[in-house]
2 protein chains.
Amino acid sequence: MRIIVDAMGGDNAPLEIIKGSIEAKAEYGIDITLVGDEAVVKKCALDNGLDISDMQLVHASEVIATDEDADAVLKKKPDSSLAVSMRLLSEGEGDALVSAGNSGAICVGGTLIVKRIKGVKRPGFAPILPHFEGGCFMLLDAGANIDSRPEMLLQYAVMASAYMEKVMKIDKPRIGLANVGTEEHKGGELQHKTFELLKNSGLNFIGNVEGRDLPSGVCDVFVCDGFTGNLVLKTYEGVAKSMLKKVKELFSKNAKNKLAAAMIMKDLKAMAKQFDYNEYGGAPIMGTAKPVFKAHGSAKAKTFKNAIRLTKEYVEADVITEISKALSKK
Amino acid sequence: MRIIVDAMGGDNAPLEIIKGSIEAKAEYGIDITLVGDEAVVKKCALDNGLDISDMQLVHASEVIATDEDADAVLKKKPDSSLAVSMRLLSEGEGDALVSAGNSGAICVGGTLIVKRIKGVKRPGFAPILPHFEGGCFMLLDAGANIDSRPEMLLQYAVMASAYMEKVMKIDKPRIGLANVGTEEHKGGELQHKTFELLKNSGLNFIGNVEGRDLPSGVCDVFVCDGFTGNLVLKTYEGVAKSMLKKVKELFSKNAKNKLAAAMIMKDLKAMAKQFDYNEYGGAPIMGTAKPVFKAHGSAKAKTFKNAIRLTKEYVEADVITEISKALSKK
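Predicted model only: the values in this text are computed from it and were never measured. Per chain, residues are indexed from 1 in the order of the written sequence. Throughout, the order in which chains and ligands are written sets their labels, letters from A for the former and numbers from 1 for the latter. Only residues with pLDDT of 70 or above have their local features reported here, since the model is predicted, and side-chain atom pairs are shown and tallied only from 80 upward, although totals for entire chains, interfaces and linings are computed over all residues. With hydrogens and water set aside, each side-chain value is computed from the structure's full complement of heavy atoms.

Caption draft 1: Quick look at the overall build of chain A. Per the secondary structure count, chain A includes twelve helices and twelve strands. The C-alpha radius of gyration computed for chain A amounts to 20 Å, which stays within 12% of the reference 20 Å derived for 330 residues, consistent with globular compactness. Summarising its shape, the C-alpha atoms of chain A cover approximately 60 × 60 × 35 Å along the three principal directions. Buried residues are those whose accessible area, probed at 1.4 Å on protein chains only, stays under 20% of the maximum for their type, while exposed residues exceed 50% and partly exposed ones sit between those limits. Counting every position in chain A, which comprises 330 residues, the buried fraction comes to 59%. We call two residues in contact when some of their heavy atoms are within 4.5 Å. Of the contacts made within chain A by residues no fewer than 6 positions apart, 70% connect residues no fewer than 24 positions apart. In this description a helix means any DSSP run of H or I spanning at least four residues, a strand means any run of E spanning at least two, and both kinds are numbered starting from the N terminus. Each radius of gyration reported is based on C-alpha atoms, and the globular scaling rule is 2.2 Å times the count of residues to the power 0.38.

Here's what the structure looks like:
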């Protein structure tokens, strides 16, 4: 199996990306193609004593920044590491692609360059988030598509269910529909129509789910229009992060508090780790014809290695074929 | 000033509502009308040694539960404590209304019985939330209206700005528009049109705000369509609550952890208090012709007293006239 890695994407590229790739290659026995500015990548490896001689290196002269406009940037920068990675994948030069770069551009490129699975209306951005009972759930769409139709939400559910079952090994993933209340009549037309479709989908649909129930892990998949999903994702992560920061501040406030912190350090670290979304590695793009995986923008080597592992499992579980089959039945 | 209190609304009615009303009356020198089942209210007061002889008591034979369908329930239960309270307010028998009952029914009753301020398209549900830097912000609409138009979002901003300035004493409240990114072009048609309206509104519009920035208090008002607002509100509260619960569990895990907790108890309590949305008392309904205030459903006496104080300030600051003036200028 060959995984294509966008060596220039993310806050810590290329160093942490290269490191994570080397570790993943050693641990998982896969082939890696690094895509990025050849001189920069080689110098970075050399300066840090990293051996990349057993990886393929494909040159790409441009880099897409995280804040560049996703809709236009791939056309504007056809020789960017991301665009080149996408083309390599689409041309069969690898089995999957991982990037820690611009999420929007990854979604757009996934749709336009890698192309969609036959029958998929719109690929969705599908981050996997930790909940507070020791597991995780998939939220989609988290912003790939601002406007959503009921058929798109149904497809998100079908695709996410396949992923959570095959890759995350969750039996009959519980599908929840984002809504303002749990009763069937809640929400607007989009929710009413989607509710009907999900009820008759053969999926393990558990009904409407409210924002307040996400932390307790009531569902394995939270289906949502992309606008709301993006707001929910960032609120979820933002509140958890801010709260951990406050707890840390409290514990370093003075000598007494530091002593108290030392006493429970092990438990504190375990708690912080449970909330750490980096543990889950990132977000698959659901609906592209070949596996595309978005690693966290802030990913360091360990998180990026983890993202490569999930991508490998995305390939091995043959989720794409599962999705094709499931969609052709609808 | 006379404040009408729905004595039967909320998880802890009527006892905590009566207690909070007695405390508020003593502390703020206001007149109170309690609305509820006369026999139940009187017995509750008697059983608990509470003197309600100096408050007006208006009988209402029915009670609306929290989970009843908001759209139909006021017609179905015309003699409910909430419906009677709303009619009293609309007939001039009081200056404002506070209820800890069914949020949806309060919004519907506010619109249909209390009626709207002239020019207001749709009243909004506007909870005030603590952020993590020691202040608070207003989020609206949090679910009164599932579908929103740009003109409605503009009105929400105008009304919230008046409230935050007059009642919460924030100079030139910073208005943020809920969006999936901070750049002006982000979002869909609703966001683009609202952005234009807000830019030219004369309000202190600071642009688009993402979910992740809410905890750090980047804005005083977070303007949102009701569907997304409801999901964001409940995600925000849900994550904060779950996390506090986890911290508490950690500290009571064993003797060593309990000792550590005892060492920093004062700081821990201060932190929990900062995150406690009960401190802010609840949510005004913005756009009704007279002040209507929703106290938290779980409100106990202290929180309910606080809600009455905020309602009194809502009346005294004459926010309704401010809103009328501001809207007539548009």
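Caption draft 2: The arrangement of the environment of A:I18 in detail. For A:I18, the position within the fold is in helix α1 (residues 15-28). Sequence separation between A:I18 and A:K300 is 282 residues; the distance between their C-alpha atoms is 9.9 Å.

Caption draft 3: Up close: the environment of B:D47. Residues and elements named next belong to chain B. Relative to the elements of secondary structure, D47 occurs in helix α2 (residues 38-47). Sequence spacing of D47 and L15 is 32 residues, and the spatial spacing of their C-alpha atoms is 9.8 Å. At 2.6 Å, the side chain of D47 forms a polar contact with the side chain of K43. Here a polar contact is taken to be a pair of N or O atoms separated by no more than 3.5 Å, where protein atoms must pair a possible hydrogen donor with a possible acceptor and residues adjacent in sequence count only if both atoms sit in side chains.

Caption draft 4: Summary view of the relation of the copies chain A and chain B. A least-squares fit on C-alpha atoms brings the copies together, and the residues used are those whose pLDDT is at least 70 in both copies. Superposing chain A onto chain B takes a rotation of 180 degrees combined with a translation of 0.0 Å along the rotation axis, leaving an RMSD of 0.0 Å. Interpreted geometrically, this transformation is the action of a two-fold axis. Here 100% of the contact residues of chain A are again contact residues in chain B; the copies associate through an equivalent surface.

Caption draft 5: Up close: the side chain of B:K294. Residue and element names in this part refer to chain B. Of note, K294 is situated in strand β12 (residues 292-295). The charge count includes Lys and Arg as positive and Asp and Glu as negative, but it does not include His or the ends of the chains. One speaks of a salt bridge when a side-chain nitrogen belonging to Lys or Arg is within 4 Å of a carboxyl oxygen belonging to Asp or Glu. Here K294 is buried and forms no salt bridge, its nearest opposite-charge partner D11 lying at an N-O distance of 7.9 Å. At a separation of 3.4 Å, a polar atom in the side chain of K294 contacts the main-chain carbonyl oxygen of G101.

Caption draft 6: Quick look at the interface of chain A and chain B. With 51 residues of chain A in contact, the opposing surface of chain B contributes 51 residues. In this description, buried area is defined as the sum, over both parts, of the accessible area (probe of 1.4 Å) that is lost when the two are combined. For the pairing of chain A and chain B, the buried interface totals around 4500 Å² over both sides, and the portion due to carbon and sulfur atoms is 72%. B:K234 serves as the salt-bridge partner of A:E210, at 2.3 Å between the closest nitrogen and oxygen. Here chain A is connected to chain B by 17 residue pairs in polar contact (both at pLDDT 80 or more). Mapped by element, the contributors of at least two residues to the side of chain A that touches chain B are α8 (226-251), α9 (255-263) and α10 (265-275) of chain A. If you tally residues by element for the side of chain A that touches chain B, the top one is α8(A), at 19 residues. Residues belonging to the side of chain A that touches chain B are distributed by class as follows: 25 nonpolar, 13 polar and 13 charged. Residues are grouped as follows: Ala, Val, Leu, Ile, Met, Phe, Trp, Tyr, Cys and Pro are nonpolar; Asp, Glu, Lys and Arg are charged; all remaining types, including Gly, are polar.

Caption draft 7: Broad picture of the pattern of salt bridges. The full count for this structure, using the stated rule, is 36 salt bridges over all chains. Here A:K193 ties to A:E189 by a salt bridge, and the two come within 2.9 Å at their closest N and O atoms. With a gap of four residues between them, A:K193 and A:E189 both fall in helix α7 (residues 189-199), about one helical turn apart. Classification of A:K193 by relative accessible area gives partly exposed; the value is 44%. Judged by relative accessible area, which is 56%, A:E189 ranks as exposed. Note that B:K43 and B:D47 form a salt bridge whose closest N and O atoms lie 2.6 Å from each other. Pair noted here: B:K43 and B:D47 are both in helix α2, with a separation of four residues, about one helical turn. Given the relative accessible area of 52%, B:K43 is considered exposed. Each of the salt bridges in this network shares a partner with another, and the network as a whole consists of A:E68, A:K76 and A:K77.

Caption draft 8: Up close: helix α12 (residues 319-329) of chain B. Residue and element names in this part refer to chain B. Looking only at α12, the buried set comprises V319, I320, I323, A326 and L327. For α12, the angular spread of the buried residues around the axis is 130 degrees, confining them to a single face. Exposed residues lying more than 90 degrees from the buried face of α12 are S328 and K329. Contacts made by the buried residues of α12 are with α6 (150-166), β11 (282-286) and α11 (301-316). Directions are taken from the helix axis to each C-beta atom, and the arc is the one they span.

Caption draft 9: Region of the structure containing the pairing of strand β7 (residues 136-140) of chain A. All names here are of chain A. Here β7 lies mainly inside the structure; five of its five residues are buried. Of the two faces of β7, both are covered, the one formed by C136, M138 and L140 as well as the one formed by F137 and L139. Here three bridges tie strand β6 (residues 128-130) to β7, and the two strands are oriented antiparallel to one another. Note that in β7 the partner of P130 across the bridge is C136. Where β6 folds back onto β7 in an antiparallel hairpin, the turn is made up of five residues, including G134, whose phi is positive at roughly 95 degrees. Criterion used throughout: strands pair if DSSP finds at least two bridges between them. Bridge count between β7 and strand β10 (residues 221-223): three bridges; the pairing is parallel.

Caption draft 10: Structural detail: the confidence of the model for chain A. On a range of 0 to 100, pLDDT expresses the predictor's confidence in each residue. Across chain A, pLDDT averages 94, with 98% of residues at or above 70. In the predicted assembly, ipTM is 0.93 and pTM is 0.94.

Caption draft 11: Region of interest: α6(B). A rise of 1.5 Å per residue sets the reference length of α6(B), with its 17 residues, at 24 Å; its end C-alpha atoms lie 24 Å apart and thus fit the reference within 8%. For α6(B), the tally of buried residues reaches 14 of 17 residues, placing the bulk of the element in the interior. To estimate how far a helix should extend, the number of its residues minus one is multiplied by 1.5 Å.

Caption draft 12: Summary view of the packing of α8(A) against helix α8 (residues 226-251) of chain B. To get an axis, a line is fitted to the C-alpha atoms, and for a helix only the part in contact is used. The angle between two axes follows their N-to-C directions and goes from 0 to 180 degrees. Put simply, α8(A) and α8(B) touch, their axes get as near as 9 Å, and they point 30 degrees apart. Classified by the interaxial angle, the pair formed by α8(A) and α8(B) is roughly parallel. Like other packed secondary-structure pairs, α8(A) and α8(B) cross with a definite hand, here right-handed. Seen from α8(A), the contacting residues are A:F227, A:T228, A:L231, A:V232, A:T235, A:Y236, A:V239, A:A240, A:M243, A:L244, A:V247 and A:F251; seen from α8(B), they are B:F227, B:T228, B:L231, B:V232, B:T235, B:Y236, B:V239, B:A240, B:M243, B:L244, B:V247 and B:F251. Roughly parallel means an angle under 35 degrees; roughly antiparallel means over 145; roughly perpendicular covers 65 to 115; every other angle is labelled oblique. Here a crossing is called left-handed whenever its near helix is offset anticlockwise from the far helix by less than a right angle, and right-handed whenever the offset is clockwise.

Caption draft 13: Broad picture of the packing of helix α6 (residues 150-166) of chain A against helix α12 (residues 319-329) of chain A. Residue and element names in this part refer to chain A. Relative to each other, α6 and α12 sit at 140 degrees, their axes nearing to 9 Å. Overall, the two elements α6 and α12 adopt an arrangement that is oblique. With respect to the hand of their crossing, α6 and α12 are arranged in right-handed fashion. Contact residues: α6 offers Q155, V158, M159, A162, Y163 and K166, while α12 offers V319, E322, I323, A326 and L327.

Caption draft 14: Summary view of the side chain of A:N208. Residue and element names in this part refer to chain A. Here N208 shows up in strand β9 (residues 205-209). Classification of N208 by relative accessible area gives buried; the value is 5%. A polar side-chain atom of N208 sits 3.2 Å from a polar atom in the side chain of N179. There is a polar contact of 2.8 Å between the side chain of N208 and the backbone oxygen of E183. Once you skip the residues sitting within four places of it in the chain, N208 turns out to touch L177, N179, G181, T182, E183, E184, K186 and F195.

Caption draft 15: Representation of the nonpolar core within the structure. The set of buried Ala, Val, Leu, Ile, Met, Phe, Trp, Tyr and Cys residues whose side-chain atoms join them within 4.5 Å is what this entry labels a nonpolar core. With 110 residues, the main nonpolar core has A:F222, A:F251, B:F222 and B:F251 as its most contacted residues. Apart from the residues lying within four places of it in its own chain, the contact partners of A:F251 are A:N257, A:K258, A:A260, A:A261, A:I264, A:L268, B:F251 and B:I264. The next biggest cluster of nonpolar side chains, apart from the first, holds 63 residues, and it includes B:A100, B:Y156, B:M164 and B:V167.

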